[in-house]
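Secondary and tertiary structure notes
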Amino acid sequence: MFERKIINDPVFGFINIPKGLLYDIVRHPLLQRLNRIKQLGLSSVVYPGAQHTRFQHSLGAFHLTSEAVQQLTSKGNFIFDSEAEAVQAAILMHDIGHGPFSHVLEDTIVQGVSHEDISLMLMERINKEMNGQLTLAIQIFKDEYPKKFLHQLVSGQLDMDRMDYLRRDSFYTGVTEGNIGSARIIKMLDVKEDHLVVESKGIYSIENFLTARRLMYWQVYLHKTSVAYEKMLISALLRAKELASKGVELFASPALRFFLYNDINKETFYNNPECLENFIQLDDNDIWTALKVWSTHNDKVLSTLSLDMINRNIFKVEISTEPICEERKKELTLQISQQLDIPLSEASYFVSTPSIEKNMYDPADDSIDILYKDGSIKNIAEASDMLNISLLSKKVKKYYLCYQRLHR
């Protein structure tokens, strides 16, 4: 009897999870933790529907990987059952190392440790618990397995992670331009010389996929209001960290407290087991609870930033193609310091000038190759008659000026 769990997903319908290793991973506390972390961090400040979680995304990516494996084997590409299960396990766990609000923590309270590093540490930890059943999945995740195309399904230009998040994020935000034809792209996948390729009749779906990705980046992921809201959170956490380093007593959950009152860099994270223990206790709730309490703290910088986060009183944003002029930054900092009656050094928490650079397609990174009926292969940039592809590989750089709104 083939036992399985069926989960109803609003984006893909019914998702089958076979009992055994894969179901054990889904039920694992470290994967369940992703239920408490939103996939799009603070984007719900612009798109109120964006309330979906990293757990939902992991299930969706798993579902698409299962479909892709089925398609590839139906075209005569030999994939052992053990390899199929391993690639499904790898995609289920690809986001397991994410902290609350995606990359915010990587910039503030934990220095120099990426979520990929942490994902790997956690995979190795679960592998120990499961007596080595994940060894093959980890090899595929690290691209150390001879069949390279399996790694491409987990991490590459056409990986199932992207296929899911574009579909899912477009569904929950209501930004229909991001809705890609994932089913068609998966049906067009094949393997040639150990590399994922797309049959030539899938070329329009790929063009649509690359264009959708560009739209989703500038319309959703890098939306100016979300960027500004994230900068406020970063400022609040950096201020909390500064106060903590001076011995000021701050409310925080035990896990958040650990990161506020200790300096954690990459070396510490790898060598002190307490770091990982505390990290896996962190989710979005720790941060929101702290902000709610900090909003009445007697430190003006911390309480203002926290209260503004809670009440959606967002930094004003200006976008430019040129770097922000230092004079303008100084002038704003001075005005804020006068208005809030705080020293200039503290007013700098209320002005942020991030620059964001993004290209949607980098052939050097991992090219998307189109397979023709005669067996020849062309890169999408050559194969496409759309001018957009060459434009997509051009880096776009935007400079943001985010600052506290001044009351006239």
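Residues numbered from 1 in each chain as written. Predicted model: local features only at pLDDT ≥ 70, side-chain atom pairs only at ≥ 80, totals over all residues. Heavy atoms only, no water.

As recorded in an unreviewed UniProt entry, the chain goes by the name HD domain-containing protein, listed as coming from Bacteroides cellulosilyticus CL02T12C19.

Now for the sheet that holds strand β9 (residues 377-379). Strand order in the open sheet made by the four strands is β3-β4-β8-β9, with mixed pairing throughout. Looking along the sheet, the strands with just one partner apiece sit at the ends: β3 (189-192) and β9. The average angle at which neighbouring strand axes cross in this sheet is 45°, direction not considered. Relative to strand β8 (residues 369-371), strand β4 (residues 195-199) runs parallel, the two being bridged by three bridges. The residue bridging V198 from the neighbouring strand is I370, located in β8. (Pairing = 2+ DSSP bridges. Helix = DSSP H or I, 4+ residues; strand = E, 2+ residues; numbered from the N terminus. Axes fitted to C-alpha atoms, helices over the stretch in contact; angles between N-to-C directions.)

One non-glycine residue with positive phi stands out, namely R312, at about 55°. Inspection of the secondary structure assignment puts R312 in the loop between α17 (300-310) and β5 (316-320). A positive phi is found at D341, a non-glycine position, where the angle reads about 60°. When its relative accessible area of 63% is taken as the criterion, D341 is described as exposed. (Buried < 20%, exposed > 50% of the residue type's maximum accessible area, 1.4 Å probe, protein only.)

The next thing to look at is the domain arrangement of the chain. If you check the domain split of the chain, you get domain 1 (4-220) and domain 2 (224-357). A C-alpha centroid distance of 30 Å is found between domain 1 and domain 2. Here domain 1 meets domain 2 over a buried area of about 2,900 Å², counting both sides, of which 70% is carbon and sulfur. Of all residues in domain 1, L42, V45 and I109 bury the most surface against domain 2, accounting for 23% of the area lost on that side. (Domains from an automatic or database assignment. Buried area = accessible area lost by both parts, 1.4 Å probe.)

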